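# Geometric and topological summary
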Amino acid sequence: MKSIFKISEYKPETNQIIIRFCRLHAPKNIDEYRPVSLDLDEDIDLYDIETFTQTIMRKAGEKWIERHEDSEELLFENIPETPKGMFNIEDLVGKVISCETYKQSREAIKMRKVEL
Amino acid sequence: MTIPRYKHFFKKLDKFSVCAIKADPNWIGVERDVECLGAYHYVVHGRAKVGVPFKEEYFEVKSKDFFSMQHLFPTVMMDIQDDFYMIGFSALHRKEKWDGRLVTEPTVMVQKESHLICFDGNPIVNGKQLERFDYADLSPDRTYEINLNGGALGLFTEVSV
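Description of the structure in this document. Keep in mind that this is a model prediction, so the values were computed, not measured.

So, how was this worked out
- Residue positions are given per chain, counted from 1 along the sequence in the order it is written.
- As a convention, the first chain written is A and the first ligand written is 1, with the rest following in written order.
- Restriction of local features to residues with pLDDT of at least 70 applies here, the model being predicted, together with a cutoff of 80 or more for giving and counting side-chain atom pairs; totals for whole chains, interfaces and linings are based on all residues.
- Each side-chain value is derived from all of the structure's non-hydrogen atoms; neither hydrogens nor water enter the calculation.
- Secondary structure elements are taken from DSSP: a helix is a run of H or I of four residues or more, a strand is a run of E of two residues or more, and numbering for both begins at the N terminus.
- We call a residue buried when its accessible area falls under 20% of the maximum for its residue type, exposed when it is over 50%, and partly exposed in between, using a 1.4 Å probe and counting protein chains only.
- Aromatic contacts are taken between Phe, Tyr and Trp rings whose centres are within 6.5 Å, Trp giving its six-membered ring; a plane angle under 30 degrees counts as stacked, one over 60 as edge-to-face, and the others as tilted.
- A strand pair is defined by DSSP finding two or more bridges across the two strands.
- As a rule, the C-alpha atoms of each element are fitted with a line to give its axis, helices using only the stretch in contact, and angles between N-to-C directions run from 0 to 180 degrees.
- Residue contacts are counted whenever heavy atoms from the two residues lie within 4.5 Å of one another.

## Some remarks on unusual backbone geometry
All names here are of chain B. For Asn26, which is not glycine, the phi torsion reads 80° and is therefore positive. If you trace the backbone, Asn26 turns up in the loop between strand 2 (17-23) and strand 3 (28-32). The class for Asn26 is exposed, based on a relative accessible area of 60%. In this structure, Asn149 is a non-glycine residue whose phi angle is positive, near 55°. Note that Asn149 resides in the loop between strand 16 (144-147) and strand 17 (152-160). What makes Asn149 partly exposed here is its relative accessible area of 44%.

## Some remarks on the packing of aromatic side chains
Residue and element names in this part refer to chain B. Applying the stated criterion across every chain, the model contains 15 aromatic pairs over all chains. Ring geometry for Tyr40 versus Phe66: centroids 5.6 Å apart, planes at 10°, classification stacked. Taken as a pair, Tyr40 in strand 4 (residues 38-45) and Phe66 in strand 7 (residues 66-67) lie far apart in primary sequence, 26 residues in all. Relative accessible area serves as the criterion here: at 12%, Tyr40 is assigned to the buried category. Among the residues examined, Phe66 registers a relative accessible area of 22% and is labelled partly exposed. Between the aromatic rings of Phe89 and Phe156, the centroid separation amounts to 3.9 Å while the plane-to-plane angle is 0°, which identifies the pairing as stacked. Separated by 67 residues along the polypeptide, Phe89 in strand 9 (residues 84-90) and Phe156 in strand 17 bring together distant segments of the chain. By way of ring pairs, the aromatic residues Phe16, Tyr40, Tyr42, Phe66, Phe89, Trp98, Phe119, Tyr135 and Phe156 are connected into one cluster.

## Details of the sheet that holds strand 4 of chain B
Taken together, the six strands give an open sheet; going across it, the order is 4(A)-1(B)-2(B)-9(B)-4(B)-7(B), and neighbouring strands pair in mixed fashion. Single-partner strands in this sheet number two, and they are strand 4 (106-108) of chain A together with strand 7 of chain B. By the bridge criterion, six bridges tie strand 4 of chain B to strand 9 of chain B in an arrangement that is antiparallel. Its bridge partner being in strand 9 of chain B, B:Gly38 is matched across the sheet by B:Ser90.

## Regarding the pairing of strand 5 (residues 47-51) of chain B
Residue and element names in this part refer to chain B. Pairing geometry for strand 5 and strand 6 (residues 58-62), over five bridges, is antiparallel. Note on strand 6: the bridge partner recorded for Val50 is Phe59. Taken together, strand 5 and the strand that follows it, strand 6, pair antiparallel across an intervening segment of six residues, in which Phe54 is found at a positive phi of about 70°. Note: strand 5 against strand 8 (residues 75-80), four bridges, orientation antiparallel.

## A short note on the sheet that holds strand 8 of chain B
All names here are of chain B. The four strands lie next to each other as 3-8-5-6, forming an open sheet whose pairing is antiparallel. Every interior strand has two partners, whereas the edge strands, strand 3 and strand 6, have only one. Strand after strand, the sheet turns through a mean of 25° between neighbouring axes, direction not considered.

## Digging into the environment of A:Asp43
All names here are of chain A. Checked against the element boundaries, Asp43 lands in the loop between strand 3 (36-39) and helix 1 (49-71). Sequence spacing of Asp43 and Arg58 is 15 residues, and the spatial spacing of their C-alpha atoms is 9.6 Å. Apart from residues lying up to four places away in sequence, Asp43 is in contact with Thr55 and Lys59.

Below, the structure written as structure tokens:
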């Protein structure tokens, strides 16, 4: 997923910025997302544009983009079901299924619940 | 030169999560508890040194060991000695406290709802043969007949909320 940010203000007296984050393919104009005030403290690496971008996204961007995702309107057609019971691919056809997406280095464990 | 590789596995369930790592010899990894709330671990195979970065003290774990790293939090380092495979039991939230142990007795009764996880082999519980990553909820009103059958079963109970 690609993300974007836009700084709307820099306050040199307090070394703060007002910034907005969203996904590159967000459904709204970035200016419509909630602005956030951030201190340009030691957690933000101001060495160059690359380090600035990486650290600002790690410190704040990823969290805010996740919040936007959770608060965005959910289309009725996209409301997921939670299938239970034995796995059967035919039962899933036509259903909307919710799933977590993990970091690339993580793979899901195939666990099986057993009734004893 | 071959760069040691590792792979991380994860599954979030209703009341806890399970993670696992597979790592090559000489792989070194550091993990913070913001990323993992691993309460207990079982070594399927291999050996590793476990400690805190920049501290001299460490302990070694090997195949079939069941142990906790919670006392080392917030930052844990692992230095893999042999081809390594470890499974972990994790809380969902930092405030949760869990008791965990390997089952060794032929019969298990629990005082409150608990969870059984098959870490290795094919144990038989109440006549059902399990395999790795099978899990079950245990009720306090029942008795569970266990035949470890050379395998390993973890038993976990949440002790506070």
